[in-house]
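# Secondary and tertiary structure notes
The lines below spell out each chain.
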2 protein chains.
Amino acid sequence: MKPALLINQVVQKVRAEGGRMTAQRRVILEALVAHPGHPTADEIFASVRRVDPSINLSTVYRTLRWLEENGFVAPRWFEDDHRRERFDPLTGTHTSGEHFHFRCRVCNRIIEFDEPLLAEVCAAFEQRSGARVESAALVLYGVCARCR
Amino acid sequence: MKPALLINQVVQKVRAEGGRMTAQRRVILEALVAHPGHPTADEIFASVRRVDPSINLSTVYRTLRWLEENGFVAPRWFEDDHRRERFDPLTGTHTSGEHFHFRCRVCNRIIEFDEPLLAEVCAAFEQRSGARVESAALVLYGVCARCR
DNA sequence: AAGATTGATGCAAATCGTTTGCATTTAACT
DNA sequence: AGTTAAATGCAAACGATTTGCATCAATCTT
Ligand SMILES: [Mn+2]
Ligand SMILES: [Mn+2]
Ligand SMILES: [Zn+2]
Ligand SMILES: [Zn+2]
């Protein structure tokens, strides 16, 4: 999905809800999709401020929450600063399905990956425990290829 | 590892560091190992308060941090209240190695499990990406057998 | 056993990321 | 252009955790 398409989708959803497409929402959305990796609210805030210096951090949060509730971004937490929420635009290669993350302890880069084996892990647990597994969060930590 | 043994180990480590084994530390440690699941700081606080009503929450935190730094408990976060830290006493069946968690969305129970397949998931990612994987956090979410 | 030493405690205040209430602005409808 | 209510900016509140500091008490010294 191209960024432009994403914006159109968002416009559509906003209208469908009787909402309004404001300049702030547009700018935040652009900053989000332009951002590599998984930015925090204040990374987006800093980025957006360069375009519109009068924008407020609470607007950034409100917009991100709205995007989250409407399935455009997913919230993520990683063990090192587990307290700071990160936002994962569901617009890249991994749009639709689940995907997983590797975080480099040296450069903090996050690498996304998919892994069919994980479905088997879930299936094995379901069978063993009798539970129904609905979603899975997997984060690997280590040192990325570049940092070795 | 039996709770009593754990306490001895802690005493040993405390002394080795020139620290002091206080009544508070003992009570907190007992509350922690007695607690099923993965308690939060204020669950432990509440539990400890019944034994020693004059104990302070900051003492609970300081003790938990010390236990964490010394490898007696591991910090955990789960997606629903991701902001509240939970403490995992490394004293049960899964003491030494990594283990993983399933969290029931209905009763919030946490089930621990181990899964050899996960080593393969890591190996596959290492090979594909050139990264070195040092640890993995996997949490499954769904509905447990009891709640279905 | 009493005193000295200093690590740990209790308390209150600070911190930090995020949320909320409210007066004001403004997008979208008429 | 005028009306309506959704969204904004601002400041204050929030909740979990941390910190500074005076006091207490576990362990060491005598
Ligand atoms: Mn991602
Ligand atoms: Mn556990
Ligand atoms: Zn790296
Ligand atoms: Zn359940």
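First, a word on what this report is: a plain description of the structure on this page. Small disclaimer: the values here were computed from a predicted structure and weren't measured.

### Considering the coordination of the manganese ion (ligand 2)
Residues and elements named next belong to chain B.
- Only His-38 (NE2), Asp-88 (OD), His-99 (NE2), His-101 (NE2) and Glu-112 (OE) from the protein reach the manganese ion (ligand 2) as donors, at distances of 1.9 to 2.3 Å.
- Here the donor residues for the manganese ion (ligand 2) map to a single chain with the spacing H-x49-D-x10-H-x1-H-x10-E. By the burial criterion, His-99 is buried, and His-101 matches it.

### Concerning the protein's contact with DNA strand D
- Around DNA strand D sit 24 residues, and of these Thr-59 and Arg-83 of chain A together with Tyr-61, Arg-84 and Glu-85 of chain B come closest.
- Within 4 Å of the protein, atoms of DNA strand D come from sugar and phosphate in 69% of cases.
- In this structure, Ser-54 of chain A approaches DNA strand D through a main-chain N or O atom, which is 3.2 Å from a phosphate oxygen.
- Residue assignment for the surface near DNA strand D shows that the elements contributing at least two residues are α2 (23-34) and α4 (57-69) of chain A together with α4 (57-69) of chain B.
- Take the surface near DNA strand D: its biggest share by element is 5 residues, from α4 of chain B.
- When the residues that make up the surface near DNA strand D are grouped by side-chain class, the tally is 4 nonpolar, 9 polar and 11 charged.

### A word on the coordination of the manganese ion (ligand 1)
Residue and element names in this part refer to chain A.
- Only His-38 (NE2), Asp-88 (OD), His-99 (NE2), His-101 (NE2) and Glu-112 (OE) from the protein reach the manganese ion (ligand 1) as donors, at distances of 2.0 to 2.3 Å.
- Sequence spacing of the donors to the manganese ion (ligand 1): H-x49-D-x10-H-x1-H-x10-E. With Asp-88 in strand β2 (residues 86-89) and Glu-112 in strand β4 (residues 110-113), this pair connects stretches of sequence that are 24 residues apart.
- Its relative accessible area of 2% is what places Asp-88 among the buried residues.
- On the basis of relative accessibility, which here comes to 27%, the residue Glu-112 falls in the partly exposed class.

Cut-offs used in this document
- Residues numbered from 1 in each chain as written.
- Chains lettered and ligands numbered in written order.
- Predicted model: local features only at pLDDT ≥ 70, side-chain atom pairs only at ≥ 80, totals over all residues.
- Heavy atoms only, no water.
- Donors = N, O, S within 2.8 Å, 3.2 Å for Na, K, Ca; no water.
- Buried < 20%, exposed > 50% of the residue type's maximum accessible area, 1.4 Å probe, protein only.
- Near = heavy atom within 4 Å.
- Polar contact = N/O pair within 3.5 Å; in protein donor to acceptor, adjacent residues only side chain to side chain.
- Helix = DSSP H or I, 4+ residues; strand = E, 2+ residues; numbered from the N terminus.
- Nonpolar A, V, L, I, M, F, W, Y, C, P; charged D, E, K, R; others polar.

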